[in-house]
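Chain residues, written in single-letter form:
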Amino acid sequence: MNPILDRLNDKQKEAVLKTEGPLLILAGAGSGKTRVITNRIAYMIQEKGVDPGQILAITFTNKAASEMRERQEQMLGQALRGAWICTFHSCCVRILRMHADKLGYDSNFTIYDADDQKTVIKNICKKLDIDTKKFKEKWFLGQISSAKDELVSVDKFELNASGDYYLEKVAKVYREYQQELMRSNAFDFDDLIVKTVELFRQYPDVLDMYQERFRYISVDEYQDTNTAQFVFVSLLAKKYKNICVVGDDDQSIYKFRGANIGNILNFEKVFPNATVIRLEQNYRSTKTILDAANAVISHNVNRKAKTLWTDAEAGEKIRLFFVDNPYVEADRVIAVIRKYVHDGYPLNSCACLYRTNAQSRALEEAFIRANIPYKIVGGVNFYQRKEIKDVLAYLKTIDNGRDDVAVKRIINVPKRNIGASTINLVDAFAGERGISFYSALDTGLVEGVFGKAGEKLRPFRDLIESLRKSASEISLKELIEETLDKSGYLKDLQAEQTPESEARIENIEELINKASAYEDSFREPSSGAGTDGGSDITDSGSVEDVFVMVQESPSLSGFLEEVSLIADIDSWDGSEDYVSLITIHSAKGLEFDNVFLCGMEDGLFPSNFAICSEDESDLEEERRLAYVGITRAKKHLVLTASKTRMVRGETMVSALSRFVREIPPLILENDRDNVYLRERPQESSMGSHSKPKVVLGEKPFALQSADHKKQFEVKNQAGLDYGVGDRVSHIKFGEGVVIAIDEGGRDYEVTVDFEDFGIKKMFAAFARLEKL
DNA sequence: CCTACTACGCTTTTT
DNA sequence: GCGTAGTAGG
């Protein structure tokens with residue numbers, strides 16, 4: 001028997017064997033779709049003799065891409081040479097880098113994030129004399145982004161807008177915005193797709209080249225694609241029609257950013273002879289969990305009817321805690337996690353999922369207090385921190401002097417006495433000559449048009465020029481260090497001497513580490529950060545020369561690109577032992593033995609926005625989100641909700657989420673019947689829970705750190721050097737007496753009576769108790 | 001040109 | 001309830 005086809009069910013096998021022609025796989029949650037895609041590609045290479053260089057596999061996140069590559073290589077027992085396994089965005093960047101000149105860009109273009117975009121819009125509003133109190137920058141950006149999702153060009157937008165006062169205004173801003181981006185040699189996220197489609201449409205020979213190259217295409221999470229992405233894929237697949245898309249309409253949760261469920265229906269229109277295969281057997285969850293998921297999702301009217309089924313056992317009932325406030329809620333979560341650990345589950349089998357990032361705060365404080373290692377995935381992105389953005393702005397300026405946003409960000413950081421008036425002077429000159437801000441600065445200095453202000457600008461120009469010179473001679477790591485040194489940025493931070501400044505320095509060091517890692521990734525092929533593995537060079541002969549130029553050596557542009565395409569979820573590592581705190585959106589594609597769905601309240605989940613919306617489908621999207629959350633769980637599902645919650649400084653009172661009420665009561669277990677929790681009075685809502693900040697006595701320390709896990713790096717001890725009755729000392733709670741030690745599945749649970757904090761229960765491995 | 005204070009807006013989700 | 005952005009005063 002062929003190992004690739006082994007252990008697949010009939011439907012899965014059918015999908016793997018169908019390598020030619022258009023194929024739509026409707027794969028329910030946990031039905032083994034990743035396995036099908038992976039095995040299908042392996043089968044093509046091993047059994048059908050397809051050249052890996054002809055394969056393009058598109059995923060949604062870098063993490064999914066590197067996972068797929070890893071599995072693939074494991075299965076084939078060798079490096080996967082020449083295949084592109086990447087996200088939509090990184091795929092398009094690679095294509096654009098090679099043909100940027102055709103669109104009027106340089107190949108070292110930069111990518112603007114949301115902040116950069118906002119800055120550009122703000123400047124445009126100033127220029128067009130638009131009152132940003134009446135028209136928000138974010139509103140313009142939203143309009144422009146939706147237009148791009150639907151491939152509506154500036155011209156088309158303007159045409160549609162005629163007669164409508166508001167839309168005409170947007171059209172004007174849209175036009176200016178695109179001009180500004182081009183002047184800055186920058187693309188925004190949406191542009192990466194849109195401009196690639198533009199390239200394909202304007203240059204049929206370029207498109208043809210890629211059609212020839214990518215004869216076998218597959219797309220994961222197909223339900224999340226927007227129109228632009230759909231067109232991009234359709235164009236590529238038009239010639240050979242070997243395209244496989246995998247999706248689940250019930251897991252479509254990105255409508256708000258343009259995902260078009262219609263793409264699933266359109267697929268059969270654009271590719272008329274498409275084979276459709278349904279995967280409905282679930283291999284992930286217990287029957288109880290699956291029943292709950294099916295019950296909830298069945299309330300959606302607008303969906304392709306399908307029912308997941310399983311051979312698995314019923315398993316335990318779903319637990320529900322509906323408590324008074326978020327602190328108690330968090331403590332219930334902690335108590336149940338303790339039980340699971342006691343039963344032998346590792347911490348990384350547990351995940352707390354929530355609707356909004358704001359909810360992570362109360363949970364985080366509880367985890368700190370309980371001394372349980374955790375990690376918040378997402379939230380404030382590492383690359384959005386001030387100091388990181390500053391350093392990156394320096395690098396962008398060095399790499400691409402046309403990036404006006406970057407130049408203006410750091411021209412006066414650290415202070416060089418260059419203020420608004422000086423910047424306006426340079427801006428005016430740039431406008432006059434029609435050149436970028438930095439080249440205006442440079443030529444203006446040469447021609448001496450800035451007068452006295454020039455004396456402040458010159459040192460900045462000289463700094464950038466000297467760094468540019470270094471850039472070609474030294475490593476990336478050294479370049480960052482030299483930038484920090486010569487600009488005086490590091491010196492300023494070091495002089496500050498505050499906890500914040502120290503955290504910033506740490507973050508910058510982390511960035512330097514990442515730069516080193518990036519450079520190292522080129523030494524061993526295919527161990528890169530997951531986007532590509534950089535091994536296109538190897539497949540000579542069958543491939544055009546132009547593909548050879550991709551990613552063969554580390555470059556400043558390459559590093560900046562990788563950094564700007566990183567998502568929060570990419571840093572998640574399932575193998576490390578900590579509890580994950582994560583939004584349901586980010587958790588899509590992950591699975592855990594034990595899942596806690598927190599904040600199950602009407603108004604929060606489903607959000608008020610969805611409840612109040614005229615459009616029924618907004619509520620259905622929330623319900624799909626609930627479905628995604630529930631189906632992350634393999635063994636245990638715990639639902640928690642709080643009667644009260646602070647929202648925007650005000651306490652809101654909420655009812656239990658309607659999604660919980662959609663679960664059959666028979667498979668729900670309410671916490672009132674829960675004996676385990678009642679046995680532990682110190683874990684109840686009394687005492688310490690009402691005022692957690694007082695108990696902490698300090699700002700939660702982990703809030704400041706980039707890597708929360710760091711705080712808990714303690715190995716499992718073989719034995720304990722203290723026993724019942726001994727005096728011990730704890731890093732936060734001070735001194736106390738051990739009153740009990742229980743043996744759990746993987747660890748000892750130690751109960752200590754602290755002098756200042758009372759009785760606490762903790763795990764020996766994490767508590768770092770020292771015998772006195 | 002820099003600092004300190006105030007006001008406002010935010011909380012739905014992200015490549 | 002917090003963080004950012006804009007303004008006024010030095």
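Values in this document were obtained by computation on a predicted structure and should not be read as measured data.

Asker: How do you make sense of the sheet that holds strand β14 (residues 633–642) when you look at a structure like this?
Answerer: Backbone hydrogen bonds are what pair the strands of a sheet, in a parallel or an antiparallel way. Read from one edge to the other, the open sheet built from seven strands follows the order β11-β12-β10-β13-β14-β9-β17, with strand pairing classed as parallel. Where the open sheet ends on each side, the last strands, each with one partner, are β11 (374–376) and β17 (668–670). Across the sheet, the axes of successive neighbouring strands diverge by a mean angle of 25 degrees, strand direction being ignored. Taken together, the four bridges between strand β10 (residues 350–354) and strand β13 (residues 592–597) define a ladder with parallel strand orientation. The residue of β13 that forms the bridge with A351 is V595.

Asker: What is the right way to look at the protein's contact with DNA strand B in this model?
Answerer: In the vicinity of DNA strand B lie 26 residues, with R355, S421, T422, A567 and F609 positioned nearest. Those atoms of DNA strand B that come within 4 Å of the protein belong to sugar or phosphate at a rate of 61%. At a separation of 3.3 Å, a phosphate oxygen of DNA strand B approaches a polar side-chain atom of K138. S421 places a polar side-chain atom, nitrogen or oxygen, 2.5 Å from a phosphate oxygen of DNA strand B. Counting only elements with at least two residues in the surface near DNA strand B, the list comes to α18 (420–433) and α25 (584–587).

Asker: How do you make sense of the pattern of salt bridges when you look at a structure like this?
Answerer: Should their charged atoms come close, side chains of opposite charge can pair. Counting across every chain of the model gives 49 salt bridges. A salt bridge links D427 to K408; the nearest nitrogen and oxygen atoms lie 3.1 Å apart. Here D427, found in helix α18, pairs with K408, found in helix α17 (residues 404–410); they are 19 residues apart in sequence, far enough to count as distant. Relative accessible area serves as the criterion here: at 27%, D427 is assigned to the partly exposed category. Under the relative-accessibility criterion, K408 is labelled partly exposed at 26%. The closest approach of N and O atoms between K477 and E481, which form a salt bridge, is 3.7 Å. Here the residue K477 and the residue E481 both occupy positions in helix α21 (residues 476–487), the gap between them amounting to four residues, near one helical turn. Looking at K477, the relative accessible area reads 33%, which means it is partly exposed. Each of K33, D220, E221, D224 and K588 takes part in a single network of salt bridges with overlapping partners.

Calculation criteria
Residues numbered from 1 in each chain as written. Chains lettered and ligands numbered in written order. Predicted model: local features only at pLDDT ≥ 70, side-chain atom pairs only at ≥ 80, totals over all residues. Heavy atoms only, no water. Pairing = 2+ DSSP bridges. Helix = DSSP H or I, 4+ residues; strand = E, 2+ residues; numbered from the N terminus. Axes fitted to C-alpha atoms, helices over the stretch in contact; angles between N-to-C directions. Near = heavy atom within 4 Å. Polar contact = N/O pair within 3.5 Å; in protein donor to acceptor, adjacent residues only side chain to side chain. Salt bridge = Lys/Arg side-chain N within 4 Å of Asp/Glu carboxyl O. Buried < 20%, exposed > 50% of the residue type's maximum accessible area, 1.4 Å probe, protein only.

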